[in-house]
Amino acid sequence: MNVKKLTSLSLAVALAMILSFVESQIPPFVAVPGVKIGLSNIVTVFLLYTYGWREAGCVSFIRVILSSLLFGSFASLMYSFCGAALSFAVMLFLIKVRIFSVIGVSVAGGVFHNAGQIVCACIVMENAGISSYLPPLIISGVVAGIAVGILSGIVSQKLKGKI
Amino acid sequence: MNKKIIKDLLLITVLLSLGIFAFLIIESGREEGACVKVTVGGELVCEYSLSEDGEYLLNGGTNLLIISDGKAFIKDADCPDGLCINQGKISLSGERIVCLPNRVMIEVIGDDGIFIN
């Protein structure tokens, strides 16, 4: 890997961590656990389109671990990892099959990120009833995904050829 | 690009419909609750009847459960997000309040002891 790419990806990790942290400081607007905008997904989506799954995967993985170690707990690491992993897999698949634009991909990413966290919560609490939180999480995942998708599109356009 | 946006809108509509539909199904299946089940980390700790008012400290004091007027809610908790305090009052079968950081959950059970989500 050349120095330029190494630097760019390191910046991406730092940016994703900052976005994740800033977001965690916003007071929750609904009392449903797991509802968030997912701003750091902008970085993941951008990298998926600009570089590829290896780079996006690495940055995402490192960000999840560092963010949880620095600002969260082992529990938050588990939820974060499950959500990010499922979301990543789904987004990668959708990009490969080329059905949706970046917005559709982000929407799916947002929904499956929340779904992954719910599955993790069901396992941690040993109760499948936690899935009753899915409806608000699907809806918030869609809305967040639209926002992230639009922002990722803008970022990709502005940074075209520069990164 | 335009064709993809149409498919995006389709996806969004399908997902939103799914979410709303699932929500309506879950909510319509609810009945009057009889008691509240408290689990910590998945293990049943105790049950309280909704018909008796009371204040209970759960999980060694991390969460404060109040039952009053046939409804249960969390009044206080030491978790960092405090979402459990804002999850409102529950009284119908299958409704639940979850405190993920403390792994505490209170869940309403109906008269027959069996509930569908």
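Before reading on, note that the structure itself is shown above.
Just so we're clear, the structure is a prediction, and the values are computed from it rather than from any experiment. (Residues numbered from 1 in each chain as written. Chains lettered and ligands numbered in written order. Predicted model: local features only at pLDDT ≥ 70, side-chain atom pairs only at ≥ 80, totals over all residues. Heavy atoms only, no water.)

> Tell me about helix H4 (residues 74-97) of chain A, and name the residues and values.
Residue and element names in this part refer to chain A. Taking 1.5 Å per residue as the helical rise, H4 with its 24 residues ought to reach 34 Å, and the 35 Å between its terminal C-alpha atoms agrees with that figure. Taken as a whole, H4 has its buried residues at Tyr 79, Ser 80, Gly 83, Ala 84, Ser 87, Phe 88, Val 90, Met 91, Leu 92 and Leu 94. Packing partners of the buried residues in H4 comprise helix H2 (41-50), helix H3 (53-71) and helix H5 (102-125). One or two steps after H4, the chain reaches Arg 98, where phi turns positive at roughly 55 degrees. (Helix = DSSP H or I, 4+ residues; strand = E, 2+ residues; numbered from the N terminus. Expected span 1.5 Å × (residues − 1). Buried < 20%, exposed > 50% of the residue type's maximum accessible area, 1.4 Å probe, protein only. Contact = heavy atoms within 4.5 Å.)

> Break down the nonpolar core for me, citing the residues and quoting the values.
Among the nonpolar cores identified, the biggest contains 29 residues, and Leu47(A), Val59(A), Val107(A) and Leu15(B) are the most heavily contacted of them. Where this core is concerned, the elements lending two or more residues are helix H1 (3-25), H2, H3, H4, H5 and helix H6 (134-158) of chain A together with helix H1 (2-28) of chain B. Counting residues per element, this core draws most heavily on H5(A), at six residues. The contact partners of Val107(A), leaving out residues within four places of it in the chain, are Gly141(A), Val142(A), Gly145(A), Ile146(A), Leu11(B), Ile12(B) and Leu15(B). (Core = buried A, V, L, I, M, F, W, Y, C linked by side-chain atoms within 4.5 Å.)

> Describe the packing of H3(A) against H4(A), and please don't skip the residues or the numbers.
Residue and element names in this part refer to chain A. Here H3 crosses H4 at 165 degrees, and the two axes come no closer than 10 Å. The angle between H3 and H4 falls in the class roughly antiparallel. Read as a crossing pair, H3 and H4 show a hand that is right-handed. From H3, Trp 53, Ala 56, Gly 57, Ser 60, Phe 61, Val 64, Ile 65 and Ser 68 reach across to H4, where they touch Ser 76, Leu 77, Ser 80, Phe 81, Ala 84, Phe 88, Leu 92 and Lys 96. Per-class residue counts for the contact of H3 with H4 are ten nonpolar, five polar and one charged. (Axes fitted to C-alpha atoms, helices over the stretch in contact; angles between N-to-C directions. Parallel < 35°, antiparallel > 145°, perpendicular 65-115°, else oblique. Left-handed = near helix turned anticlockwise from the far one by under 90°. Nonpolar A, V, L, I, M, F, W, Y, C, P; charged D, E, K, R; others polar.)

> I'd like to hear about the pattern of salt bridges, residue by residue, with values.
Residues and elements named next belong to chain B. The final tally for this structure, using the stated rule, is three salt bridges over all chains. Note that Glu 27 is salt-bridged to Arg 30, the shortest N-O span being 3.3 Å. Judged by its relative accessible area of 32%, Glu 27 is partly exposed. Classification of Arg 30 as buried rests on a relative accessible area of 14%. Note that Glu 107 is salt-bridged to Arg 96, the shortest N-O span being 2.7 Å. Pair noted here: Glu 107 is in strand E7 (residues 104-110) and Arg 96 is in strand E6 (residues 96-99), with a separation of eleven residues, a long-range link. According to the relative accessible area criterion, Arg 96 is buried, its value standing at 7%. (Salt bridge = Lys/Arg side-chain N within 4 Å of Asp/Glu carboxyl O.)

> Any chance you could break down the interface of chain A and chain B for me, citing the residues and the numbers?
With 30 residues of chain A at the contact, the number on the chain B side is 27 residues. At the junction of chain A with chain B, the criterion picks out zero salt bridges. On inspection of chain A and its partner chain B, the count reaches seven residue pairs in polar contact (both at pLDDT 80 or more). Among the elements of the structure, H5 and H6 of chain A are those that each provide at least two residues to the side of chain A that touches chain B. In terms of residue class, the side of chain A that touches chain B is built from 22 nonpolar, six polar and two charged. (Polar contact = N/O pair within 3.5 Å; in protein donor to acceptor, adjacent residues only side chain to side chain.)

> Which residues make up the pairing of strand E3 (residues 54-58) of chain B, and what are the values?
The side chains of a regular strand alternate between the sheet's two faces. Residues and elements named next belong to chain B. Of the two faces of E3, only one is covered, namely that formed by Gly 54, Tyr 56 and Leu 58; the face formed by Glu 55 and Leu 57 stays uncovered. Relative to strand E4 (residues 63-68), E3 is paired through five bridges, and the arrangement is antiparallel. The residue of E4 that forms the bridge with Glu 55 is Ile 66. (Pairing = 2+ DSSP bridges.)

> Outline the side chain of Thr44(A), listing residues and values.
Mapped onto the elements of the fold, Thr44(A) is located in helix H2. Residues in contact with Thr44(A), not counting those within four places in the same chain, are Ala56(A), Ser60(A), Phe88(A) and Met91(A).

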